[in-house]
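Summary of structural features
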Amino acid sequence: MANITLVDDDENIVASVSLALESHGHKVTAWHDGAAGLEALESNPPDLAILDVKMPRMDGMEVLRRLRQTSQIPVIMLTSRDEEIDEILGFNLGADDYIHKPFSQRLLIERVKALLRRTGADGGEPEPSGENSSKAIKRGKLSMDPARHESTWEGKPVKLTVTEFLLLQALAQRPGFVKSRDNLMDAAYDDQVYVDDRTIDSHVKRMRKKFRVVDPEFDAIETLYGVGYRYRES
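Residues numbered from 1 in each chain as written. Predicted model: local features only at pLDDT ≥ 70, side-chain atom pairs only at ≥ 80, totals over all residues. Heavy atoms only, no water.

**Topic: the overall build of the protein chain**
Helices and strands together make up the secondary structure of the protein chain, namely 8 helices and 11 strands. Buried residues in the protein chain amount to 52% of all 234 residues. Of all intrachain contacts in the protein chain linking residues separated by at least 6 positions in sequence, the fraction that spans at least 24 positions is 60%. Total accessible area on the protein chain stands at roughly 11500 Å², and carbon and sulfur atoms take up 48% of it. (Helix = DSSP H or I, 4+ residues; strand = E, 2+ residues; numbered from the N terminus. Buried < 20%, exposed > 50% of the residue type's maximum accessible area, 1.4 Å probe, protein only. Contact = heavy atoms within 4.5 Å. Areas by Shrake-Rupley, 256 points an atom, 1.4 Å probe, with all protein chains shown as cover.)

Below, the structure is given as structure tokens:
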């Protein structure tokens, strides 16, 4: 169904995760250190990547940071450390999901299925995130094409991750209307996936940073403290 790259230095985890994914029809390529994994991801991009945080030669955070310089492929992070700061850092770097070790194979499979549905990499159409979600969006300087997963600002491309794209799409579909963090979670995540408010804040922060690369005056995403976010059409 999908090509998945797994990067983890724990051979037991690699073996068990690969077997579970392959039993669901996916093709898995595995690497045991971050440097080799990054080279493979850049030379032969998969439909989805699963990265362990703690690895030799190059940890998962560094792999993700470098990968996001050139690619927006969906990424699930695996971590054995239950530290909130690591999770927030991962989302700030552009991770799409996070799973804490130890985890059940069923949980991982469900997270993979959810992320692949959102991208259409499961063989179907990308999962809709709202009314008329497949239609192109034009809001002032912003243009979005969900069918091609493309977004531009004043005609300049802005590369967004799957999660970032869905969040912005949810906001831009109804400019001026406030979306709570719960609303945005529903738009960007599967029902079986729980994320906290700070995860949404991290994604929005990263989106703003990307748009300000092409327009330092970008301020179309407004924060309403204690309420949520809204898109302001210029």
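From this point on, the discussion continues.
**So, the pattern of salt bridges**
Applying the stated rule across the entire model yields 16 salt bridges. With a closest N to O distance of 3.6 Å, E154 and K141 form a salt bridge. Here E154, found in the loop between strand 8 (150-153) and strand 9 (156-157), pairs with K141, found in the loop between strand 6 (137-139) and strand 7 (142-145); they are 13 residues apart in sequence, far enough to count as distant. A relative accessible area of 43% places E154 in the partly exposed class. On the basis of relative accessible area, K141 is assigned to the partly exposed category, the value being 34%. A salt bridge links E222 to R232; the shortest N-O distance between them is 3.2 Å. One end of the pair, E222, is in strand 10 (residues 221-224); the other, R232, is in the segment after strand 11 (228-231), with 10 residues separating them in the sequence. (Salt bridge = Lys/Arg side-chain N within 4 Å of Asp/Glu carboxyl O.)

**Some remarks on the pairing of strand 2 (residues 27-31)**
In this structure, strand 1 (residues 3-7) lies alongside strand 2, joined through 5 bridges in parallel fashion. If you follow T5 over to strand 2, its bridge partner there is T29. Where the polypeptide runs from strand 1 across helix 1 (residues 11-23) and back to strand 2, its parallel neighbour, the crossover connection is right-handed. (Pairing = 2+ DSSP bridges. Right-handed = clockwise from strand over helix to strand, strands pointing away.)

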